[in-house]
4 protein chains.
Amino acid sequence: MSDVRHQLKPEELVVLNMDPIFSSALICRYKDHMGNDDDIIEAMLVSTKDQETEEDPEKFEKSRKPRLNFMAEHRHGSPFEQAAIKFYVKAPIMVFREWHRHRIGFSYNEASARYKVMPPEFYIPGPDRPIVQVGKHSKAEWVPGTPEQHERQWNRKVQAYSLAWEMYVEGILDGEAKETARCVLPVGLYSDMIVTLNPRSCMAFLSLRQYQPDAMFVSRPQWEINQCANQMEETFKRLFPLTHEVYVANGRVAP
Amino acid sequence: MSDVRHQLKPEELVVLNMDPIFSSALICRYKDHMGNDDDIIEAMLVSTKDQETEEDPEKFEKSRKPRLNFMAEHRHGSPFEQAAIKFYVKAPIMVFREWHRHRIGFSYNEASARYKVMPPEFYIPGPDRPIVQVGKHSKAEWVPGTPEQHERQWNRKVQAYSLAWEMYVEGILDGEAKETARCVLPVGLYSDMIVTLNPRSCMAFLSLRQYQPDAMFVSRPQWEINQCANQMEETFKRLFPLTHEVYVANGRVAP
Amino acid sequence: MSDVRHQLKPEELVVLNMDPIFSSALICRYKDHMGNDDDIIEAMLVSTKDQETEEDPEKFEKSRKPRLNFMAEHRHGSPFEQAAIKFYVKAPIMVFREWHRHRIGFSYNEASARYKVMPPEFYIPGPDRPIVQVGKHSKAEWVPGTPEQHERQWNRKVQAYSLAWEMYVEGILDGEAKETARCVLPVGLYSDMIVTLNPRSCMAFLSLRQYQPDAMFVSRPQWEINQCANQMEETFKRLFPLTHEVYVANGRVAP
Amino acid sequence: MSDVRHQLKPEELVVLNMDPIFSSALICRYKDHMGNDDDIIEAMLVSTKDQETEEDPEKFEKSRKPRLNFMAEHRHGSPFEQAAIKFYVKAPIMVFREWHRHRIGFSYNEASARYKVMPPEFYIPGPDRPIVQVGKHSKAEWVPGTPEQHERQWNRKVQAYSLAWEMYVEGILDGEAKETARCVLPVGLYSDMIVTLNPRSCMAFLSLRQYQPDAMFVSRPQWEINQCANQMEETFKRLFPLTHEVYVANGRVAP
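Thresholds applied
Residues numbered from 1 in each chain as written. Chains lettered and ligands numbered in written order. Predicted model: local features only at pLDDT ≥ 70, side-chain atom pairs only at ≥ 80, totals over all residues. Heavy atoms only, no water. Patch = residues over 30% accessible without salt bridge, like charges linked within 9 Å, V, L, I, M, F, W, Y side chains within 5 Å. Areas by Shrake-Rupley, 256 points an atom, 1.4 Å probe, with all protein chains shown as cover. Salt bridge = Lys/Arg side-chain N within 4 Å of Asp/Glu carboxyl O. Buried < 20%, exposed > 50% of the residue type's maximum accessible area, 1.4 Å probe, protein only. Least-squares fit on C-alpha atoms with pLDDT ≥ 70 in both. Contact = heavy atoms within 4.5 Å. Helix = DSSP H or I, 4+ residues; strand = E, 2+ residues; numbered from the N terminus. Buried area = accessible area lost by both parts, 1.4 Å probe. Nonpolar A, V, L, I, M, F, W, Y, C, P; charged D, E, K, R; others polar.

Asks: Would you mind going over a nonpolar patch on the surface with me for this structure?
Replies: A cluster of nonpolar residues, Ile104(A), Ile104(B), Ile104(C) and Ile104(D), forms a patch on the protein surface that exposes about 300 Å² of accessible area. You can call Ile104(B) partly exposed: its relative accessible area is 37%.

Structure, rendered in structure tokens:
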């Protein structure tokens, strides 16, 4: 098998020599954006107002929240599309599987295990992640689990991940294509991606991927994607504070 | 009918007293954007490159165009979605009718004739607009038309527009709802809108809404939307010069 | 201008010789469909059930409504996309303008005034259409209007429509391209289209285009598109009776 | 750990007691459809033809292929959306990961490892699958590999899959939630889904997910999704033979 090594790129050999890393980190990090609350209001005003006439600034100032609230309340969604937010996300494949079901108002570019040797970073639920499910799925709750249960789950994952990595590396060094060697890689493997969305698709995501007991439609997403959604919400709130406020005030229903 | 006037807003009365304006203007004006050529490359690199490793700046510089070209040539479209451009558009309703058939990667907010009294601005093809069609539609060409033909078409439109406006104003002053009074308004009436799109949907639009004899798939759009597309292309080219270059070099096929 | 006539197709000459027709008809007619309530349930069961195991038919029968209701209540929308309905629609352009703003889960093919000479059929609100608006738009109500108001609006539209048609015909016979001659045609002109949608996008449409005082989010659509939506709902109810039932029971919120 | 068993459903216990199954099968099976070639033509004719006039049947018959060809050649895509095809797909997770990147004109419902205990069926490339990659990815070719390489890759996957399954079962029996126990499951695990698409999105899929050396834009998809695409093409060709024919004749470019 020694002849394969020289066909690989230096950085690929580096990755293949790495020891597995186990982590509980989940990242949804701001990268870039276009627009703010006022741009959403401006887009709405195109429907009702002559574009040439300037509005009285004081009157405009007072009208900002009521106007955004009117749109949220009456589900006038399109003005909330007239802005953009871009994120860098790092999370296990199982999270990306859920995420990519959001099709509209979402653009994705993700690491490809066909094109690159994936580095051995694996997700393991940390001690703050409740790992025991109580009740049927439609009304499930998750409870912490004992420290012993946490330790056992950690060990199980380390064991399975380590062998998967070993078999993956052996495959590559045996001359197998990256795209079939990857079969053994677990859905707990980390991947990363760049996502561009808009405030409307952002709210649609949050409404389904956050557990908010006070929401009009309560969702029970998986804990891991909920953590990502929480970070997304922080950015959303910082960039579009009034839009976020009316979203929450209207029961977290995406307009 | 005098009692209706006091129910109208002052600015509505102003509009109702206006004389019709006839114009040949078509506007697609830059408002805002997010991202540049390098952001598109960066999105692509997520697939193939470890995100933590810095690339050699000189090597990166040289690789920019080949990388964008590779994506355009092989129709890797998604990285071209990781940016945004926003326009203000002013054009007759018939142009908006064609434009709104673009559904994916397009967000719209348009003047609403249900919510506001539309101002009397009407489109009439100008002397530079070829108004005579030669040949069947699938292989149509448009030729200038004689000065007399141009004069006659101008007169016809002024006549029809003027009566439409008169009937519209009478309707409003007769207490009729804006939303039914508008029935008589022609598709040559100006409307305006805000549009957000991304470089990928921009190229899809340009590939269908510009007549480019050297394109791989030659399209024969209506002259009016073609003028808007030309303005859009200027902005696109200014903001994403390399992306525009590889788009043109690859036969103006949207990736 | 006599030389132009022989360049036109016989059927175009027929249309150009027609007298304007004025009508209040609005049509959304069933054409075709795929699937039923059980196909939606089957799509949902892929998530939770082994596909090889047959379910007890009696148990399945009882579970149908609760399962659909669960999806509607918890906004599990995707199974409602696993079917299709196709309609033929005939309505004035102003209705199509609103309709085409529905971008997702909607496919359209519409009459083209670039390709064909449009026949002179024009919409005029009938006596059952309330034409007087009371109150500001966000809380507007529409009241019938007096018989005199109705008569006056009918006359205004006949007058404007007739001249528009005259100018359009003159334009064509003057050798003007159909695509610019059409500028004078009003948004009250009838057009027709074929629309394919799915139960999910159907419910999204109905939730915005029907006035239902008992809905969780009350919408105030224009009367004309509401009539089309009512016809669409009849078909939807006939083809997917249980889905329709849970949609209504859950406040007419599109899942 | 014995107390957990009685909390599980009988069918879940059955699955947990199963031995892993290793397979090379890839399935994309027809389930249902709406429409045919003539419905696509009919949708196109709405643009150009009076809907009330019957066309001469003989003339229509002759015009079918040229009309479809005209649309394919000039990229008039929307009529190809006026039909639907539904498939049942069974393939490893890594194939679904690629598939779900197709967002427009695709509806999905997939098995959920949050809701059900996944059965232990794992994909292993069979002897007909070339597993050795030659050349850089953008111009990669795949060659068979020696029988010894095939045997070694089979063994590696059996080893990794078996331990992953063991750790998954242990997790469930240790009281761990299905949604975290699944972290160890590999992307080679089989999943299944129901997919609804239309002829246009079907062609977009085929153009990217089949390797066709004679295509205008040659794509190099992963072998496994290519197998699924081949089965999809068979169904597409059977249901829409003329559409398929013009798609191929026009260089397999999705209109």
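Asks: How do you make sense of the relation of the copies chain B and chain C when you look at a structure like this?
Replies: Think of it as a corkscrew move, a rotation about one axis and a shift along it, taking one chain copy to the other. Superposition of chain B onto chain C requires a rotation of 180 degrees combined with a translation of 0.0 Å along the rotation axis, giving an RMSD of 0.0 Å. Both copies are brought into coincidence by an operation consistent with a two-fold rotation axis. Of every C-alpha in chain B, the one belonging to Pro186(B) sits nearest the axis of rotation, 1.9 Å from it. An overlap of 100% is found between the interface residues of chain B and their copies at the interface of chain C, pointing to a shared contact surface.

Asks: Where do I start with the relation of the copies chain C and chain A in this structure?
Replies: When chain C is fitted onto chain A, the two copies agree to an RMSD of 0.0 Å after a turn of 180 degrees and an axial shift of 0.0 Å. In this assembly, 100% of the residues forming the interface of chain C have copies in chain A that are likewise at the interface, indicating an isologous arrangement.

Asks: How should I be thinking about the environment of Ala177(B) in this particular structure?
Replies: Note on placement: Ala177(B) falls in the loop between α6 (147-173) and α7 (178-181). The class of Ala177(B) is buried, set by a relative accessible area of 2%. Placed 63 residues apart in sequence, Ala177(B) and Arg114(B) show a C-alpha to C-alpha distance of 8.1 Å. The contact partners of Ala177(B), leaving out residues within four places of it in the chain, are Ile131(C), Val132(C), Gln133(C) and Trp142(C).

Asks: Explanation requested: the interface of chain B and chain C in the structure shown.
Replies: A common way to report how large an interface is uses the accessible area buried once the components associate. Contacts between chain B and chain C engage 58 residues on the former and 58 residues on the latter. Of the roughly 4,900 Å² buried where chain B meets chain C, counting both sides, 50% is carbon and sulfur surface. Counting the surface chain B buries against chain C, the share from its top three residues, Arg97(B), Arg114(B) and Arg156(B), is 15%. If you look at where chain B meets chain C, you find 14 salt bridges. One salt bridge in this structure joins Arg156(B) and Asp174(C), with 2.9 Å as the shortest N-O distance. Contributions of two or more residues to the side of chain B that touches chain C are made by α5 (93-99), β4 (106-110), β6 (132-134), α6, α7 and α9 (223-239) of chain B. Taken together, the residues of the side of chain B that touches chain C break down into 26 nonpolar, 14 polar and 18 charged.

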